[in-house]
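Structural overview for review
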Amino acid sequence: MFTELIRENFRSSKLKQCLIPPMGELLYLIATQEEKKERPGGLWVVPAAAYTVLMRCLREGEDLVVNHMAAKTIENVCSRESQSAQGFITAEVGPALWYLFTHSTVDALRVSAISALCKITRQSAGAFQSVIDKVGLPSILSCLVSGISRVQQHMLTMFAAMLASGAHSHRLVQDRDFVMKIIRSLESPSSVIRAKAFLVLLQVLMNNREMLLLCCNSRLVMYIERDVRKATPGKEQQSGNEYLSKCLTLFIRHTVRELPAILDDILSVLGSIVGRKHPSPTQSRQLKQSLPMMAVVLHLLTSQIFRPQVVTEAFLIKFGKLLNHITSIDSNETSLGSAIGQASSEELIRNTLSAVEAISQHPALLSLYPFIVVDLIVPPLASLAFSKNVEWRIVSLRVLSEITLLLLSQDEVEERERAGEGEREWEGEGNISSNTRLLTLISEALLPQYETLLLEPDPVPVYALKLLVSLTEHSSPISRLVRESRLLPAIFQVIEEHQSNSVGGTMQNAVALLCNLIGQKGTDLRPFYQQGVIEVVCNLFVEVSGVYLEREMQSGLKSCSSLLVSLLDIIHILLKNLSSVVRMALQRSDSNEDAEAAEELLLINKPLTDLNNLLIQLLTCDDSEVYEEASHCVSLLAQLYGGEGADRLQPEELLSLAHALQTHTEPRQQKLLLRVLKRLMSAVGSSCWGSSEGQILVHTLQKLMLLNRPQSDMTVESLAADILKSIGSHTETLSPGI
């Protein structure tokens, strides 16, 4: 009846405006009941003329209200999965709705038209394809950047539906401009639009993995990390964020699953050209297609979202194989230059090394697979450390430093755990530490050639030294090998060549390495004395302590504190060794040999007394570590040499001692400082005590004399009294105060 009335009065817009709404409601009711499989009163039969009439109402020149009603009817009916909706799926409906969308000036009509087209596309992707065929993809993509949020949602839904159907998708997934427009949608403020954009990209990548490279180069990973933070489930999560979270989960899961296949492709194509100087045209084409995908691996490994999911045992095994291919390419055993060009070959190596560096910066991932890392990752890196390319050498040394530090420190923890648990089930071969394999590899593959790295131009030595610092800090065997090898002269040569930049990275690592080597228990220090360690340490200490005191006084900066602590450690170790030799000679008073050895060593170490004044000035610093080391060094120098040989103390040093006694109030610390002062009395000129600084120290000593401490511990008071007596200032009244 509705169909006949509209057809007979088709020129009457007002009559159509009255009849189309109830006709649309009836069609929607039929579609709803069909979807629920409810057919009360028998089977609904919608005449074909009804669809024809509504389609005519979409045509150009028709009243806009009629256009809108017809589009709304199609939108509502096609929102249901029903037989009734199939009547609207014709070759004309897509272009007709698209015409309304692009030519109407009324936003409500435009939204209804594109929404109706979207609902039909979900029923049949061919409807949207007919629009693409008629107006062209560029025209449709230009509408994707429309300012109307709902329009963008519908456009993305249609693309997703068409790609999911598999029909006509081949050309679309190859279109770079299309992919770029979808990626741009990820900048939308609407979470629903971003979610749908991720779904479209997911369909693209499922059909064309190579597009992942374009996506990653267009900041895809950044968009994912941003939206993962925004879409994190919470108690008050909006429905849009919940939808975005689900879409992200699907996209991330697919991307993670793609990574092994990408690595397999790279390994396969590299394996096919091993030993060939000139790859075939087919192999060259495969190389150009697969090798750039290494950039995707790098993007994912530098992402905190993807990295924990992709770094697995299987991944590390494949990555180890890839590193072996990289060493082969670097040594020219495998030639890529003729196939992909030198620049692309270097980019592959750079991306691979950057990827392994990204993993090495996250110890929690590598610590799960120590044997794989030692057996498959470390050997090719050790080989690349001696590459002809400086960049590869630097990155390899940097990564080796991180990995060895992780593995050796982890092994120390495991050894402590085993010691705590006794013998229980640790004897099996599966539980043998990876430490042994690592140290064997380093001693055989690295150390024999290591001298060349230390003597390279900057910046190679700084990274070579850093690796040695990591090794010697946790491994006594490596320290012994370094001391016994030709590396010791090279280390001192590096220090000499970098005297002009005493607080630079190279010097810091060289001194830290020297500290590790000297600090090993039972170390024979004679080789170090032969290399001039005393002169080196004295010269460095004068410069570094001056910089440290100046910076601390001016701005509190302590950038060179680690270097200063290392130097203090070395001085402390040298003096402790000297002290033990002197003590042994005194105990064996009948041994001329021991006495001569002690006298010789005292003479060799005597230049350290020139550092006395600087060490005393360091007692005033706020860094507890610097204070502790400096106080021990001052104490040992005073015990071994007294005031003999030391520079005369100036008023500044007396003030430093006074400040240290006031600041450090523990009896242990005060006893040490007072004993130092007592032994150095001969190095203090009589005029110094009359200076304002000397009087401050006298006043401090007098205060210490008056401390009310238990009779059982009067050492501090006794020492203060002895010092005051020796300088003739022990009076009953306090000297003028501070």
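Relevant structure appears above.
Residues numbered from 1 in each chain as written. Predicted model: local features only at pLDDT ≥ 70, side-chain atom pairs only at ≥ 80, totals over all residues. Heavy atoms only, no water.

Regarding the overall build of the chain
- Of regular secondary structure, the chain possesses 41 helices and 0 strands.
- Burial statistics for the chain: of 738 residues in total, 53% are counted as buried. (Helix = DSSP H or I, 4+ residues; strand = E, 2+ residues; numbered from the N terminus. Buried < 20%, exposed > 50% of the residue type's maximum accessible area, 1.4 Å probe, protein only.)

Examining the packing of aromatic side chains
- Counting across every chain of the model gives 5 aromatic pairs.
- With centroids separated by 5.2 Å and ring planes inclined at 75°, the aromatic side chains of phenylalanine 128 and phenylalanine 159 adopt a geometry described as edge-to-face. You can see phenylalanine 128 sitting in helix H7 (residues 126–135) and its partner phenylalanine 159 sitting in helix H9 (residues 149–165), a full 31 residues away along the chain. Of the two residues, phenylalanine 128 and phenylalanine 159, neither departs from the other in class, the shared state being buried. (Phe/Tyr/Trp six-rings, centres within 6.5 Å; stacked < 30°, edge-to-face > 60°.)

Side note on helix H28 (residues 476–484)
- Every buried residue of H28 is listed here: Ile478, Ser479, Val482 and Arg483. What you see down the axis of H28 is that its buried residues fit within an arc of 135°, all on one side.
- Against the buried residues of H28 lie helix H25 (434–446), helix H27 (460–474), helix H29 (487–497), helix H30 (505–519) and helix H31 (526–530). (Arc of directions from axis to C-beta. Contact = heavy atoms within 4.5 Å.)

What to know about a negative patch on the surface
- On the surface, Asp458, Glu496, Glu497 and Glu535 cluster together into a negatively charged patch.
- On the secondary structure map, aspartate 458 appears in the loop between helix H26 (450–454) and H27.
- Of the residues examined, aspartate 458 reaches a relative accessible area of 48% and is grouped as partly exposed. (Patch = residues over 30% accessible without salt bridge, like charges linked within 9 Å, V, L, I, M, F, W, Y side chains within 5 Å. Areas by Shrake-Rupley, 256 points an atom, 1.4 Å probe, with all protein chains shown as cover. Salt bridge = Lys/Arg side-chain N within 4 Å of Asp/Glu carboxyl O. Lys, Arg positive; Asp, Glu negative; His and termini not counted. Charge placed at Lys NZ, Arg CZ, Asp CG, Glu CD.)

Focus: the environment of lysine 196
- Summarising the element assignment, lysine 196 is placed in helix H12 (residues 191–207).
- Here the alpha-carbon distance between lysine 196 and histidine 154, two residues 42 residues apart in the chain, equals 9.3 Å.
- When neighbours within four sequence positions are excluded, lysine 196 is seen to be in contact with Gln153, Leu156, Thr157 and Tyr243.

Thoughts on the pattern of salt bridges
- Scanning the entire structure with this criterion turns up 22 salt bridges.
- Linking arginine 110 and aspartate 107 is a salt bridge whose minimum nitrogen-to-oxygen distance equals 3.9 Å. Here aspartate 107 and arginine 110 lie together in helix H6 (residues 107–123), a separation of 3 residues that amounts to about one turn.
- Overall, arginine 110 belongs to the buried group, its relative accessible area being 16%.
- What makes aspartate 107 partly exposed here is its relative accessible area of 46%.
- Glutamate 187 is the partner of arginine 219 in a salt bridge, and the nearest nitrogen-oxygen pair spans 3.5 Å. Of the two residues, arginine 219 is situated in the loop between helix H13 (211–217) and helix H14 (220–230) and glutamate 187 in the loop between helix H11 (176–184) and H12; the sequence distance between them amounts to 32 residues.
- Look at arginine 219 and you get partly exposed, because its relative accessible area is 44%.

Geometry only, nothing functional implied.
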